[in-house]
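Examination of the molecular architecture
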Amino acid sequence: MEKYDIVIIGGGPAGLGAAIEAKKQGITKVLVIERDIELGGILQQCIHNGFGLHIFNEELTGPEYAQRFIDMAREENIDILLDTIVISISKDKKIKAMNTTGVLNIEAKAIVLAMGCREKTRSSIAIPGDRPAGVFTAGAAQRYINIEGYMVGKKVIVLGAGDIGMIMARRIVLEGGEVLAVLARGSIVKGLTRNIVQCLDHYNIPLLYNHNITKITGKERVESVTVAQTDEKKEVIPGTEKVYECDTVLLSVGLIPENELSRIAGIEIDRKTSGPFVNESMETSIPGIFACGNVVHVHDVVDFVTEESRRAGANAARFVKGEKSESESMNTIVSGGITYCVPHRIRYSAMPDKLDLFMRVENKYDKATIVINNQGNELVRFKKTNLTPGEMIKQSVKKSLFEKAKGDIEITLEVGGSK
Amino acid sequence: MDKNLVCIVCPIGCRLKVTGTADDLNVSGNICKKGIAYAHDEITNPMRMVCTTVKIKGGIHSVIPVKTDKPIPEKYKLEVVKAVNSIELTSPVKMGDIIISNLFETGVNIVAERDM
């Protein structure tokens, strides 16, 4: 059995960030296991720019951002297994993987989970109609066009105004295709506002709010889709149906953290994020198994993934060195319009001087205040403007605020103009 | 002129109202000064970054991503892709290699986004 100090599962931005940081902290035997034939993860197909503003202070494309981390990983002499899929991990940190050489058994002192997320598919949103070719998730279409060099279709409808859907709408127009419309299933767009402007408005692609597909028609290939308006409960308004002739449907209807391996190991999963519960050190419910990036919660900006993964890598290194935290875990409990907070648990003694809390909100709020309470005492409040479900909130909090805290940390939202 | 724009300089996305003429623009709805500059560029000389792919022989994949090394005038955005689609590279290519220089006499180069 091969032995490593830290094994990282996934060679995307999260895995590479964690691996490089662990190595920098003096851990010698670090291994990254990646199932694709190259490193970089999903960044390699995100050829548009806008990555790296926080980490590198410049605007890079996805492949450029990935290349910088791949080069750093090479400089740090990190062991890498490509084209290798992990089949299972266990509580005692034994890893079973497989590649063309056969089955590999690897033992680690610490594991970092960095498997990323997957797209929701047609079956997760149950669109009625035929089952012809030409229905793709937006990310699958992105891979076909940007990595494999195939065009996915000529006349396209995009369902869901997520970031990848809008970015792919622009990409299709650039490659000579036509995008008839992007349909937002509610009155709020899930993607970033800047993508509405630079992907749709700049290319005259119509964005239809409160619309959904009620039927896909086609024998071999998509021939048309029926689109209808929806009410505030997202239910179809009868009589508003309109038929669009097209050959392709792209779905941009959400992402889910990929946690099959975490479940096999018995790691506790948060139903709200679909990712593992983690503490301030990005450690899961199993000591010595850490997690970072989109496997924990879906991020909108890769820079935040990098920050989180560096934290996971550094803390995995501390675990291997035998450093322990003595203080009790406090749960972060959210309410009042905040849907989740990562980390879910905080141990005072293991907190860095400043800890980043990542949160999302349920609705659009022009003005709101995040209030953090503990046992009836207000610890701190932060005024916020223009909160929207599509944009993750990153709030840094000082360690000193939590010196006397005990029990649950309650995080809530006061909506409207505040005191 | 009476135009509505959304500023994309930062994630706040201020809704800008632009009136007046190109020489004498009146911008409102912006929180910071950058909104005025953004509106001015958008009205007088909009520029775009263009990212696309080029065919490549002998690489790990059959296409490699490329981009304009700086923003190019908006009117060229579709022409960039057409120009790039007519060529084929041969591996190895390094990130930052110039694929086409001074495209359309704009001073903008097309560069590789990665090694391949």
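Look up a bit, the structure's there.
Not measured: the values here are computed from a predicted model. (Residues numbered from 1 in each chain as written. Chains lettered and ligands numbered in written order. Predicted model: local features only at pLDDT ≥ 70, side-chain atom pairs only at ≥ 80, totals over all residues. Heavy atoms only, no water.)

Right, let's talk about the state of the cysteines for a bit. Residues and elements named next belong to chain B. All told, the structure shown has zero disulfides over all chains when counted by the stated rule. We note that cysteine 7 lacks a disulfide partner, and the nearest cysteine sulfur, in cysteine 14, lies 6.0 Å from it. Residue classification places cysteine 7 among the buried positions, given a relative accessible area of 9%. By relative accessible area, which is 14% here, cysteine 14 ends up buried. (Disulfide = S-S within 2.5 Å. Buried < 20%, exposed > 50% of the residue type's maximum accessible area, 1.4 Å probe, protein only.)

All right, on to empty space enclosed by the protein then. Applying the stated rule across the entire model yields one cavity of 30 Å³ or more. There is about 110 Å³ of room inside the largest cavity. In terms of lining, the largest cavity is formed by Ile47, His48, Asn49, Gln142, Asn146, Ile167, Arg170, Arg171 and Leu174 of chain A together with Met49, Val50 and Cys51 of chain B. Contributions of two or more residues to the lining of the largest cavity are made by helix 4 (138–148) and helix 5 (163–174) of chain A. Looking at which element gives the most residues to the lining of the largest cavity, the answer is helix 5 of chain A, with four residues. (1 Å grid on protein atoms, 1.4 Å probe; cavity = no way out; pocket = protein on both sides within 12 Å on 5 of 7 lines; lining within 4 Å. Points joined across faces, edges and corners; volume = space filled by probe spheres on them. Helix = DSSP H or I, 4+ residues; strand = E, 2+ residues; numbered from the N terminus.)

Geometrically, the link from valine 342 of chain A to proline 343 of chain A is a cis peptide bond, its omega value of 5 degrees lying close to zero. Cis peptide bonds are those with omega within 30 degrees of zero, and the linkage from serine 91 of chain B to proline 92 of chain B qualifies with 5 degrees. Tracing the backbone through its elements, the reader meets proline 92 of chain B in the loop between strand 8 (88–90) and strand 9 (98–103). Even without a glycine there, the phi angle at methionine 282 of chain A is positive, about 65 degrees. Relative to the assigned elements, methionine 282 of chain A resides in the loop between helix 7 (260–265) and strand 19 (289–291). A relative accessible area of 0% means that methionine 282 of chain A is categorised as buried.

Residues and elements named next belong to chain A. In this structure the tally under the stated criterion is 25 salt bridges over all chains. Of the charged contacts, one joins arginine 35 and glutamate 258 as a salt bridge, the two residues approaching to 3.2 Å between their closest N and O atoms. Here glutamate 258 lies in the loop between strand 18 (255–257) and helix 7 and arginine 35 lies in the loop between strand 2 (30–33) and strand 3 (49–51), a separation of 223 residues in the sequence. In this structure arginine 35 comes out as partly exposed when scored by relative accessible area, which is 41%. Because the salt bridges share partners, they merge into one network encompassing Arg35, Arg118 and Glu258. (Salt bridge = Lys/Arg side-chain N within 4 Å of Asp/Glu carboxyl O.)

This part takes up the sheet that holds strand 27 (residues 409–415) of chain A. All names here are of chain A. Ordered in space as 22-20-27-24-25, the five strands form an open sheet in which the pairing is mixed. Either end of the sheet is taken by a strand with one partner, and the two such strands are strand 22 (345–347) and strand 25 (377–387). Between one strand axis and the next, the sheet turns by 25 degrees as a mean value, whatever way the strands run. Of the strand pairs in this sheet, strand 24 (residues 365–374) and strand 25 are connected by nine bridges, and their pairing is antiparallel. Residue pairing across strands places isoleucine 370 opposite phenylalanine 382, the latter belonging to strand 25. (Pairing = 2+ DSSP bridges. Axes fitted to C-alpha atoms, helices over the stretch in contact; angles between N-to-C directions.)

Residue and element names in this part refer to chain A. Ordered by their spatial adjacency, three strands build an open sheet running 14-15-16, and the pairing between neighbours is antiparallel. Edge positions in the sheet fall to strand 14 (211–217) and strand 16 (242–245), since each of these pairs with one other strand and no more. Sheet twist, expressed as the mean angle between neighbouring strand axes with direction ignored, is 30 degrees.

Residues and elements named next belong to chain A. One number sums up the size of the second largest pocket: a volume of about 640 Å³. As for the second largest pocket, its lining consists of 29 residues, of which Glu280, Ser281, Asn315, Arg347 and Ala350 are closest to the centre. Per-element tally for the lining of the second largest pocket: the top contributor is helix 8 (residues 302–320), with four residues. Grouping the constituent residues of the lining of the second largest pocket by class yields ten nonpolar, nine polar and ten charged. (Nonpolar A, V, L, I, M, F, W, Y, C, P; charged D, E, K, R; others polar.)

What follows covers the packing of aromatic side chains. Under the definition given, this model contains seven aromatic pairs over all chains. Summarising the aromatic geometry, the rings of tyrosine 65 of chain A and phenylalanine 69 of chain A are spaced 5.2 Å apart at their centres and angled 25 degrees between planes, so their arrangement reads as stacked. Remark: phenylalanine 69 of chain A and tyrosine 65 of chain A occur in helix 2 (residues 62–75); sequence separation between them is four residues, near one turn of the helix. When sorted by exposure, tyrosine 65 of chain A lands in the same class as phenylalanine 69 of chain A, which is buried. With a centroid separation of 6.2 Å and an interplanar angle of 75 degrees, the aromatic rings of phenylalanine 290 of chain A and phenylalanine 319 of chain A are classed as edge-to-face. Of the two residues, phenylalanine 290 of chain A is situated in strand 19 and phenylalanine 319 of chain A in helix 8; the sequence distance between them amounts to 29 residues. Residue placement shows lysine 399 of chain A over the ring face of tyrosine 348 of chain A; its charged tip is 5.0 Å from the ring centre. For lysine 77 of chain B, the ring lying beneath its charged end belongs to tyrosine 203 of chain A, and the centroid distance is 4.0 Å. (Phe/Tyr/Trp six-rings, centres within 6.5 Å; stacked < 30°, edge-to-face > 60°. Lys NZ or Arg CZ within 6 Å of the ring centre and 35° of its normal.)

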